[in-house]
Amino acid sequence: MDYCPHTADDIAQMQSVIGISSLDELFADIPEKFRLKQIPDIPAAISEQETVSIMGDIAGKNKLPQFTLTGAGAYHHFIPAVVGHITGRAEFYTAYTPYQSEISQGMLQAIYEYQTMIAHLTGTEIANASMYDGASAMAEAAVLCAKMSSRTKIIVARSVHPEYRKVLQTYSWANGYTVVELPYAPSGQVDLNVLQTQLDDQVAAVLMQSPNFFGAIEDIAQVADAVHKKGALLVAGFTDGTSLGILQPAGVAGADFVVGEGQSFGNPLNYGGPYLGIFAAREKFMRRIPGRLVGATVDKDGRRGFVLTLQTREQHIRREKATSNICSNEALCALAAGVYLAALGKNLKRLAELNIYKTQYLKNKLLGLAGWKEVFSAPVYNEFVLNCPGVKKINEKLKNEGITGGYELQKDYPELENSLLFCATEMISKENIDKVIAILK
Amino acid sequence: MQLIFEISRPGRCSADIPVSDVPAVNIEDEISNKYLRNELDLPEVAEIDLIRHYTNLSRRNFGVDLGFYPLGSCTMKYNPKVNENVAALPGFTGLHPYADTEYAQGNLQLIYEMQKYLCGIFGMEEFTIQPAAGAHGELTGVMMIKKYFEKKGRKRRVILIPDAAHGTNPASSALCGFEVVELRSNTEGGVDIEHLQSLMTEDVAALMLTNPNTLGLFERNIEKVAAIVHEKGGLLYGDGANANAFMGKTRPGDLGFDVIQLNLHKTFSTPHGGGGPGSGPVGVGKALVDFLPVPRVVKTDDKYDWSENFPDTIGRVRSFYGNFNVIVKAYTYIRSLGAEGLKRATEMAVLNANYIKEKLKPYFDLPYDRICMHECVFSGNRQVTQSGVHTSDIAKKLIDYGYHPPTIYFPLIVHEAIMIEPTETESKETLDVFCDAMMAIAKEAKENPEGVKCAPVTTPVRRLDEVLAARKPDVCWKRS
Amino acid sequence: MSKKNPQDRLYSTDHEWVKNNGDGTIIVGITDYAQEMLTDIVFVDLPEIGRKVVKKATVAVVESVKSVSDIYSPVSGEVIDVNTTLEETPELINQDAFGEGWIVKMRLSDESELGMLLSADGYEEMLKEEKS
């Protein structure tokens, strides 16, 4: 399949205008010894029909489980039909970054609306137009805090998603910052006492997550208090945005930056990407935050319109003085999120409640099995950790029935080697849960 | 047009929630009140109004599917629809990233093969698909360079970057703690070899080069440039944003590049999505393989798996694996086109750019009059001096002719720059009509400059007050 | 056309003006030529009072829609006052660069540094050379 419209005639005419007699002349600047005859290792071209067949075969080599009890940073939520129909409109998905505002009012307004909804959900005043994912959003927030304060120590709770902590390590190493990990208390939440001892005047930021990786809901206000007393900033993250339908947002509780993963808002699991980095902050940081920002303004006739604003923060203007190098973001995923949030509206609360009902049902049923024990005492949203007799055997049994079980914690938390992290969203039915219990009895 | 909040009415809703089939729970019993939010202020709209709102928004947006989009450096080529269909297959969209790898063999095979194809196309040893965009790839590449020298026990402080480079280049370097030193271009638009010679020391970790450069010109002295850098033990970084100019013709790996980043949403036809998602795979030569981010796909016999067993890795640059669904589209594109198709894409892209260059050069100043690659750069200087019509005015007038304007004011080294990249998927007729429009604008700029300066007049909004937007930023709607 | 550069000031090669109050303190702003080059100013990042700067260090940052410019301190000293009206109305620099658009007041740490600055005529010479 080939998408070039050129006929032999076209090529001949165009060559004549350019003043060349063969296409090779266009590549004369390439030194002879570096000219390629043929790209190696690529299968021959195929028709569209064969493409569909071959790609179908590859997709067919995957196996979708009946349902999954794993969350751990990516969540199976129901996506209303409207989302795909809007993001599938070519005017949106085949457009580029809305630098030419007059012909991009559609995307600009949609993103302005998204920014507004995210700011409200997170309890902050500003949200940018997206980052790559929750992990890099959190890392970039940490880097920004360090650059603004000229302090070089970053404290991160161990209850933050392991991959987020790894990304933070990479970004911190690149910038020469030190990362200190904060242990969790028996409740599963941040150990406030240890935090107090770690906070000194070298700490730029403290990073936490709520609900955290164990599903535990954190007391953000308490942590914010302690952090601010030492002149540091608080970055609070989340991995399942639907939790914001019911939980007190970190911004209201005192966080300076609220970052997280927006995949739950209308984006499929997609085997890990593309996802959606959410980045929100207090108003005073508006001129420092990374990423694109859509602002409302008026045109010369007084009509309301939207533009990318405060671009002087960004790489194309600040260049080596920019606090981030982000250029392309996850705009279409943000559009999906905006449509999703507009579609759910206040029902986001009911969705969150439903997640809680399912989770409590699953948790109680599992605790009814012999040898299963609670690990943490903190309240949870839609994920929880349980100590189980034979973690591998349990997941194996479930796998044999085509069910993906809980997430094994020992890889990232060796002290929790006998525990599993479970998630129950609205996509898990009572029947599913009863079946799991029957299998594991 | 109203905002979604302005058409919201209490009690309306689009998405309904199923009735619970498990017992309800008293939320305040499970979760203390202090953890619960007080209000949830999201739009309340009926589905028909929701659909109309966003559909009407889309009609105020311009995409490649509507018309010619010659944005230089962005490679706005046609996004094949078969790629969209394939990427929507449940097998690709439905798997959780932590699914048992036994369930994900199709995905892993795709990633593994994609990396192999990219190695073949670009002459590199290995690739990573983790970075989410070109800039993210640049950061990853610079991090690997940093680790390379750390491992050698030699800290090098500087990265050289040409004055014509994209802003992400110096930004990425600074973010890894490097000092950025600017390298001059010569009068032909290539690297000033003497300047490079004088700047290249054993304190320089790398030269970041875009080839062809942001002027659309192939670096004629690439062999010498690579030699100068390597001779002092430095590394050559290639910004692969302009890869559409050389697929099947030459390979960065062969030219001496040690690391390159690509933009799948440019060269490999995946949609730009209004600003993203993209994907920025990074390819490396032997010297940097050990430092690639983890996890990496490994193949044992016929089975694929993820492995983190690479002790010298820079670590992770994002969660999970990469913008997988974007990679599915790019993979489909590569399979569909094959080696011949990729080469033809490059040939037609370069043909189209040179055709436009020849047709427009009597009307606009052409700073570098030589064979260009996939994009050509003009200057609006003549129009500015003649009648005060700026490049931005020309761009806005093109909107009234039904086009998305080319890239303007970039690269910085060309005054009033206009960068035109047609891509290979445009027909001769499209290019002819575009050139006619540009010629008409050049004429109008001379004879009736006001007519150009007031553009656009055919759009839903006129020129917007960017100064107001920056002085009094309003980035979040507030209920009055 | 830029406004005339007042004779009662001194100028730096980075397009800043300095007004000597005669009591060990000075006022600093940018010239009318500079504000013209920057076009519409949208934001001024002012330093904290008490900040000590050495000559040529960045003392403030001025942003327009399309660019960012560091304002380099023409002399060494301590910031004793900043023009807070610029926070609400940064356009004052465009409207009245030599008057209401002043940026910082400083206490000099080394009066002799004033001798290295240009007079109004010297600054105009420099501009003429730059343009050619």
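Residues numbered from 1 in each chain as written. Chains lettered and ligands numbered in written order. Predicted model: local features only at pLDDT ≥ 70, side-chain atom pairs only at ≥ 80, totals over all residues. Heavy atoms only, no water.

Looking only at helices and strands, one finds 17 helices and twelve strands in chain B. For a compact globule of 480 residues, the expected C-alpha radius of gyration is about 23 Å, and chain B comes in at 25 Å, within 12% of that figure. Taken along its principal axes, the extent of the C-alpha atoms in chain B is 75 × 65 × 45 Å. Within chain B, buried positions represent 69% of all 480 residues. Within chain B, contacts between residues separated by at least 24 positions form 70% of all contacts whose residues are at least 6 apart in sequence. (Helix = DSSP H or I, 4+ residues; strand = E, 2+ residues; numbered from the N terminus. Rg over C-alpha atoms; globule rule 2.2 N^0.38 Å. Buried < 20%, exposed > 50% of the residue type's maximum accessible area, 1.4 Å probe, protein only. Contact = heavy atoms within 4.5 Å.)

What follows covers the interface of chain A and chain C. Many structure descriptions define interface size as the accessible area lost when the parts assemble. Between chain A and chain C, the residue contacts involve five residues of the former and ten residues of the latter. Both sides together, the interface formed by chain A and chain C hides about 630 Å², and carbon and sulfur atoms give 49% of it. Our count for the contact surface shared by chain A and chain C stands at zero salt bridges. In this structure, the connection of chain A to chain C is made through zero residue pairs in polar contact (both at pLDDT 80 or more). The residue inventory of the side of chain A that touches chain C, partitioned by class, reads one nonpolar, one polar and three charged. (Buried area = accessible area lost by both parts, 1.4 Å probe. Salt bridge = Lys/Arg side-chain N within 4 Å of Asp/Glu carboxyl O. Polar contact = N/O pair within 3.5 Å; in protein donor to acceptor, adjacent residues only side chain to side chain. Nonpolar A, V, L, I, M, F, W, Y, C, P; charged D, E, K, R; others polar.)

Facing the 183 residues of chain A at the interface are 201 residues of chain B. Summed over the three residues of chain A that lose the most area to chain B, namely A:Glu102, A:Tyr271 and A:Arg319, the buried surface amounts to 6% of that side. Counting across the chain A and chain B interface gives 13 salt bridges. With a closest N to O distance of 2.6 Å, A:Lys358 and B:Asp21 form a salt bridge. The interface formed by chain A and chain B contains 91 residue pairs in polar contact (both at pLDDT 80 or more). A per-element tally of the side of chain A that touches chain B places helix α5 (residues 105–122) of chain A first, with 13 residues. In terms of residue class, the side of chain A that touches chain B is built from 94 nonpolar, 49 polar and 40 charged.

A few words on the sheet that holds strand β11 (residues 373–374) of chain A. Residue and element names in this part refer to chain A. Reading across the sheet, the four strands line up as β11-β12-β15-β14 and stay open at both edges, with antiparallel pairing between neighbours. Two strands bound the open sheet, and with one partner strand each, they are β11 and β14 (407–408). In the sheet, β11 pairs with strand β12 (residues 383–387) via two bridges, with the strands oriented antiparallel. When the bridges of β12 are listed, Lys373 appears paired with Asn387. (Pairing = 2+ DSSP bridges.)

Another aspect to go through is the pattern of salt bridges. As enumerated under the stated definition, the model contains 52 salt bridges over all chains in all. A:Lys229 is the partner of A:Asp225 in a salt bridge, and the nearest nitrogen-oxygen pair spans 3.5 Å. Of the two residues, A:Asp225 and A:Lys229 both sit in helix α9 (residues 220–229), four residues apart, roughly one turn of that helix. Judged by its relative accessible area of 68%, A:Lys229 is exposed. Residue C:Glu48 is joined to C:Arg51 by a salt bridge in which the shortest nitrogen-to-oxygen separation is 3.2 Å. Several salt bridges share partner residues, and in doing so they unite A:Asp29, B:Glu188, B:Arg220 and B:Arg370 into one network.

The next thing to look at is the environment of B:Glu416. All names here are of chain B. With respect to the helices and strands, the residue Glu416 is situated in the loop between β11 (407–408) and β12 (417–420). Distance from Glu416 to Thr391, taken between C-alpha atoms, is 5.6 Å for residues 25 residues apart in sequence. Setting aside anything within four residues of it in sequence, one finds Glu416 in contact with Phe378, Ser379, Gly380, Asn381, Val384, His390, Thr391 and Tyr409. A polar contact of 2.9 Å, which involves the side chain of Glu416, links it to the side chain of His390. A polar contact is formed between the side chain of Glu416 and the side chain of Tyr409, at a distance of 3.1 Å.

All names here are of chain A. What the domain assignment reports for chain A is domain 1 (8–60), domain 2 (67–77 + 346–440) and domain 3 (81–344). A straight line from the C-alpha centre of domain 2 to that of domain 3 covers 27 Å. Contact with domain 2, which involves 33 residues of that partner, is made by 35 residues of domain 3. Of the roughly 2,600 Å² buried at the junction of domain 2 and domain 3 (both faces included), carbon and sulfur atoms supply 63%. Counting the surface domain 2 buries against domain 3, the share from its top three residues, Leu348, Tyr381 and Tyr413, is 25%. Between domain 2 and domain 3 we count two salt bridges in total. Ionic pairing is found between Asp412 and Lys166, a salt bridge with its closest N-O pair at 3.9 Å. The tally of links between domain 2 and domain 3 comes to 16 residue pairs in polar contact (both at pLDDT 80 or more). Looking at the side of domain 2 that touches domain 3, the elements that each hand over two or more residues are α13 (347–367) and β12. Top contributing element to the side of domain 2 that touches domain 3 by residue count: α13, with seven residues. For the side of domain 2 that touches domain 3, a count of residues per class yields 21 nonpolar, six polar and six charged. (Domains from an automatic or database assignment.)

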